[in-house]
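Analysis of the macromolecular model
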Amino acid sequence: MHPDPVPPAHAPHLPCPAPARRLILAAALLCAVNAAHGAVILKDDFSAYGTNSNNVNLNLPATDGSPYSTTKIRQSGSVGTWSYLEGGTDANSQIGNPATNAGQAGAPTYADYLLLAYTCSASSRLPINEALVQGQPLTISFDLGTVAAPTSPDNTWWSAFRLGPLGSTYPVVGGDADFAFLYRINKGVQVFTTGAAGVDIPPVTSSHFTMVFTGSDGTGSAFSDKGSRVALYSGTTLLGRFDTGQLTQEFMNFSVQNAFASLDNLVVETGIPDFVANAFHLTQSAFDFTSGKLNLTWVSEAGKTYQVTHSNTLTGTWQPIGAMIDAVGALTSTSIDFVETGKDFYRVEEIVPGPIVFDGTQVKQDTVNRQLFLSDSQGKLQLRLNYAGRAVLDRVQVNDTETIAAGTGACTGVQVAGNWVTTRTLATDPVVTISGNDVTLSQINYGVGGVNVSETWVLHTGAQGIQWDIQRQYLSGGLVDDTYFPGFDFKSMSTWTAGMLDTGGVAWGRYLGTNASYGAHSGSVTFFKDADCLKITTLPGAGTLAASRFSHQPSGAFTFGQTIATTSMAPKHDLRRSIAGVDLWKSFQVTPGTLRTSLTLEAKDANAVRYRGNLTGIDGAAVNDLLDTIGRYGVIDKTLMGGNGWLTGYICLHEPFHAEMGIALGSPDYTANMATSLNGWRDYALQSSGRVKSRWHHDTSDNTVPGSYDFATGYYECGWGTLIDSQPDYVINVAEQFDLSGDLTWLQAH
């Protein structure tokens, strides 16, 4: 995988002659090739030359011009005179230790590396900025070993790299724009970027790490005020691409926590490594003369789009053959009809779709690629519906911003016995009917594990948005683990800051690490980031209920998956709404019959949606961000509000301000849910003695008074002692809630 592509001046070709028909294949390398090789800024092999020293600057060139023997200089490059700043205990940072196994190559006798032990750091004072890279990508690579220290056998301890302000030694959430990752003893990796929780990556096989820093579009400099992105590799395997916030002037830092770490073969240079620039190539081709089919396989990147093209000559016009192909893995294959023209050249191109341009037409059809383009009347929300052996919204453009993951998009599906089947792959094309502003897809048929489904979609393009009606017919029943009804895969956790729910709560990506989920009995959600906003209003069919799951997929995608069922979804793990994994809800039974749901999608101006008036003398934008994230985070689910929030899963009934939060939020959803939550406090926490149980938790892990935990409702007495304030605080919250709602009948019931 490699930085986002731009067309090159030429492409390499793979000749493949075929008897009886002249067939030539060409692998078109369309990738970002800002000079594959650039200038070396810094190279350090940490050579100790037989000496063991606590001086991490041993054998560096002198900055004052003093003479050094050339055989005793370990560092080179255009700024090879820059030194390191140690942090922590000096004795824990060493050059030339011949005995300690710190995960270095040839351990334990290979001494030419930088040893970091227990808890310490080494920061390069080298300022990495636009002046150094001069408009080019920046590549940093090194070998990093991590092993357990004798006093700390925990295999989750780590070594770390950070590109950030000098003095910022450890990866943290938030703060200045930066990038960091942990490399744990168990070989797992955790990535941190500005304002985001750690992204967990499964154990890697190579301890050689490479980072390619570019602008946010995958090209050029990361320091030129065009946004910043980094691609992280273990060996030649891409671990992920991460947006960091705008990098300006940064310093390298290496650190360790309760472990031994070795650093070696550090290289800082401009340009892109060959293994990145040359990653895209054909791996296999075959021609079937009987069927007239050409079969191609190439190295791909999940989520990227590819197109097979052909031409009679290498200098002629290249024409597309078949539909564009969205990759879902590291290899992609296709079979196309051979075009008889006497001589043919074929190539595979990586496509970078440009913005969908609105020309005033709300429904357009591309019969060649089997795609439909749908838009609201102003072009603020534009969708692309792909029906080539699938039924997927593979583009969702909000105010000219692409939000959806191209490879997986928005679709429907079911999971049975641990196996997913979705409309991303169908045995036959759906039947498409267009009537004015209405598009109907019928005969969307799929099934797994004995549960067979037939769906009809109707999409109506209106003035302000697009309505998506889904009719699902269960042809056969069974036990369903999960369902997309529908499910959206957004590009990454940075696509949206958060999603405001119709419970008054928030799905906040900050608290979703990789392969983690949050769910609630919520239907509608309003996603926002900066000025962009996607409002999804869900109206389940009669007799059905909606539940939502928000997941950070291992692929990096941010999934919003809805379930529509005739029964309320029950948490699978105790009463948890937040878990590590995606199996949030218990399996549920479906029976033959028809269920319906209707979603209205609207592109909004987030500033208008979240406007709370002019807050004179303070930062109104910051206040809005605070209220729509932290202010809503205490809403765990419908009827469950207050306290720490859904990640830790506590409600503290001994706090008086939960209802008052509704004053600042100005959210009818929050105020309505607070009323039902107080109903729950009355029904399940208020005891006959008048004593109010002081806590709710999603399991029994708190210090709980024995016998007081209600496994059905989650309310209990805290074992820290009698918390007398839970009684007056219940009264205070009820009074404050009445001040907001003015509902006298509700008040009289409390």
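How each quantity is defined
- Residues numbered from 1 in each chain as written.
- Predicted model: local features only at pLDDT ≥ 70, side-chain atom pairs only at ≥ 80, totals over all residues.
- Heavy atoms only, no water.
- Pairing = 2+ DSSP bridges.
- Helix = DSSP H or I, 4+ residues; strand = E, 2+ residues; numbered from the N terminus.
- Axes fitted to C-alpha atoms, helices over the stretch in contact; angles between N-to-C directions.
- Buried < 20%, exposed > 50% of the residue type's maximum accessible area, 1.4 Å probe, protein only.
- Parallel < 35°, antiparallel > 145°, perpendicular 65-115°, else oblique.
- Left-handed = near helix turned anticlockwise from the far one by under 90°.
- Contact = heavy atoms within 4.5 Å.
- Nonpolar A, V, L, I, M, F, W, Y, C, P; charged D, E, K, R; others polar.
- Polar contact = N/O pair within 3.5 Å; in protein donor to acceptor, adjacent residues only side chain to side chain.
- Expected span 1.5 Å × (residues − 1).
- Core = buried A, V, L, I, M, F, W, Y, C linked by side-chain atoms within 4.5 Å.

1. Some details on the sheet that holds strand E31 (residues 451–461)
Spatially, the nine strands line up as an open sheet ordered E29-E30-E31-E32-E44-E39-E38-E35-E36, and their pairing is antiparallel. The open sheet terminates on both sides in strands that have one partner only, identified here as strand E29 (431–435) and strand E36 (506–508). Across the sheet, the mean angle from the axis of one strand to that of its neighbour is 20°, orientation sign disregarded. When strand E32 (residues 466–474) meets strand E44 (residues 593–605), the two strands line up antiparallel, connected through nine bridges. Across the sheet, residue Ile 470 finds its bridge partner in E44, namely Thr 597.

2. Some details on unusual backbone geometry
Here the amide bond leading from Phe 485 into Pro 486 is cis, since omega sits at 5°, within 30 degrees of zero. The topology assignment puts Pro 486 in strand E34 (residues 482–490). Phi at Lys 187 takes a positive value of approximately 75°, unusual for a residue other than glycine. Note that Lys 187 resides in the loop between strand E9 (179–184) and strand E10 (189–193). Relative accessible area serves as the criterion here: at 29%, Lys 187 is assigned to the partly exposed category.

3. Overview of the packing of helix H7 (residues 668–685) against helix H8 (residues 726–741)
Relative orientation of the contacting elements H7 and H8 amounts to 150°, with a least axis distance of 10 Å. Relative to H8, the element H7 is oriented roughly antiparallel. For H7 against H8, the interelement crossing comes out left-handed. Contacts between H7 and H8 involve Thr 671, Met 674, Ala 675, Leu 678, Trp 681 and Arg 682 from the former and Tyr 730, Asn 733, Val 734, Gln 737 and Leu 740 from the latter. When the residues that make up the contact of H7 with H8 are grouped by side-chain class, the tally is seven nonpolar, three polar and one charged.

4. Digging into the side chain of Ser 375
Counting through the fold element by element, Ser 375 comes out in strand E23 (residues 371–375). We classify Ser 375 as buried; its relative accessible area is 2%. A polar side-chain atom of Ser 375 sits 3.5 Å from the main-chain carbonyl oxygen of Leu 381.

5. Considerations on the environment of Trp 318
Considering the arrangement of structural elements, one finds Trp 318 in the loop between strand E18 (305–311) and strand E19 (319–326). Taking relative accessible area as the criterion, Trp 318 reaches 16% and is therefore assigned buried.

6. Things to note about H8
Here H8 spans 22 Å end to end across 16 residues, near enough to the 22 Å set by a 1.5 Å rise per residue. Burial in H8 covers these residues: Ser 726, Asp 729, Tyr 730, Asn 733, Val 734, Glu 736 and Gln 737. Buried positions along H8 lie against H7 and helix H9 (744–748). Trailing H8 by a residue or two, Gly 742 shows a phi angle of about 65°, which is positive.

7. Section: the nonpolar core
Counting residues in each nonpolar core, the largest one holds 97 residues, and the members touching the most others are Phe 488 and Phe 550. With six residues, the single largest contributor to this core is H7. With residues up to four places along the chain from it excluded, the contact list for Phe 550 reads Leu 501, Ala 507, Leu 512, Ala 516, Ser 517, Tyr 518, Val 525, Phe 527, Phe 558, Thr 559 and Phe 560. Among the nonpolar cores identified, the runner-up in size contains 50 residues, and Val 56, Leu 126, Phe 181 and Ala 261 belong to it.

8. Focus: the environment of Gly 645
Along the chain, Gly 645 turns up in the loop between strand E46 (640–641) and strand E47 (650–652). With 139 residues separating them along the chain, Gly 645 and Val 506 place their C-alpha atoms 9.9 Å apart. If we skip the residues at most four places from it in the chain, Gly 645 touches Tyr 633, Gly 634, Ile 636 and Tyr 650.

9. Considerations on the sheet that holds E47
Strand order across the open sheet formed by three strands is E47-E48-E49, with antiparallel pairing between neighbours. The open sheet has two free edges, formed respectively by E47 and strand E49 (715–716), since each of these has just one partner strand. Examined bridge by bridge, strand E48 (residues 695–697) and E49 share two bridges and lie antiparallel to one another. Across the sheet, residue Trp 696 finds its bridge partner in E49, namely Tyr 715.

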